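A look at the structure
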Amino acid sequence: TQLLEQSPQFLSIQEGENLTVYCNSSSVFSSLQWYRQEPGEGPVLLVTVVTGGEVKKLKRLTFQFGDARKDSSLHITAAQPGDTGLYLCAGERYYGQNFVFGPGTRLSVLP
Amino acid sequence: IAGITQAPTSQILAAGRRMTLRCTQDMRHNAMYWYRQDLGLGLRLIHYSNTAGTTGKGEVPDGYSVSRANTDDFPLTLASAVPSQTSVYFCASSDFTSGRYNEQFFGPGTRLTVL
């Protein structure tokens, strides 16, 4: 059983569309991170959210941490082909401890 | 260029053979990690080290061992490889400070196939 679930598993959209991907758990996390991974490379950190209800923006990407710190969402506005990749969420169960990763959402943005 | 290097890039290995995956970082990070990535399962932590000279078990440690003789190097050894260890292996490092969340920097990965 996965501690972190991500949905959808796969998403294929046209350039310019908006999308939201979700990261859900029954566990509470002290922080949650989002990574993007491109084929043949390691994941790269996009953002860390720490406070329940926190919203962070990174250009066209908006990240939200749920009030109860059990879930998170990533919203992309006007998706571009360069957004294509595997999006991974990772939750930290206790401060200073190791992260657990979700299975990822594979996004394909078609020109 | 600063970062993490892994070797080899890929390897095909006969079952029962011993194999060491190498990982070196030049960022002077105190913490290092080994993950395996399998389709549909995401990244799973194998072993970690919060500082040179110490190691700990992650979620899936069986069949793997690590050592941390110095800050820069964190090799992962498969003593007797089995087909279920076929995976992509990622090494990561972070500037870990107890009580603070940490950004992990990942290497490019090693693709291992055990036949």
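Attention here is on the structure that accompanies the text. (Residues numbered from 1 in each chain as written. Chains lettered and ligands numbered in written order. Predicted model: local features only at pLDDT ≥ 70, side-chain atom pairs only at ≥ 80, totals over all residues. Heavy atoms only, no water.)

With 20 residues of chain B at the contact, the number on the chain A side is 23 residues. Counting the surface lost from both chain B and chain A, the interface buries some 1,700 Å², and carbon and sulfur atoms represent 54% of this. On inspection of chain B and its partner chain A, the count reaches 0 salt bridges. Put simply, chain B and chain A have 1 residue pair in polar contact (both at pLDDT 80 or more) between them. Among the elements of the structure, strand S4 (31-38) and strand S5 (42-49) of chain B are those that each provide at least two residues to the side of chain B that touches chain A. With 4 residues, the top contributor of residues to the side of chain B that touches chain A is S5(B). A per-class count over the side of chain B that touches chain A returns 11 nonpolar, 7 polar and 2 charged. (Contact = heavy atoms within 4.5 Å. Buried area = accessible area lost by both parts, 1.4 Å probe. Salt bridge = Lys/Arg side-chain N within 4 Å of Asp/Glu carboxyl O. Polar contact = N/O pair within 3.5 Å; in protein donor to acceptor, adjacent residues only side chain to side chain. Helix = DSSP H or I, 4+ residues; strand = E, 2+ residues; numbered from the N terminus. Nonpolar A, V, L, I, M, F, W, Y, C, P; charged D, E, K, R; others polar.)

This next bit is on the environment of Pro81(A). Residues and elements named next belong to chain A. Position of Pro-81 among the secondary structure elements: in the loop between strand S8 (71-76) and strand S9 (85-92). When its relative accessible area of 33% is taken as the criterion, Pro-81 is described as partly exposed. Placed 65 residues apart in sequence, Pro-81 and Gly-16 show a C-alpha to C-alpha distance of 9.3 Å. Among residues more than four places away in sequence, those in contact with Pro-81 are Glu-15, Val-109 and Pro-111. (Buried < 20%, exposed > 50% of the residue type's maximum accessible area, 1.4 Å probe, protein only.)

What follows concerns the pattern of salt bridges. Residues and elements named next belong to chain B. The full count for this structure, using the stated rule, is 5 salt bridges over all chains. One salt bridge in this structure joins Asp-38 and Arg-36, with 2.8 Å as the shortest N-O distance. When its relative accessible area of 14% is taken as the criterion, Asp-38 is described as buried. For Arg-36, a relative accessible area of 8% corresponds to the buried category. In this structure, Arg-44 and Asp-38 form a salt bridge, with 2.9 Å as the shortest nitrogen-oxygen distance.

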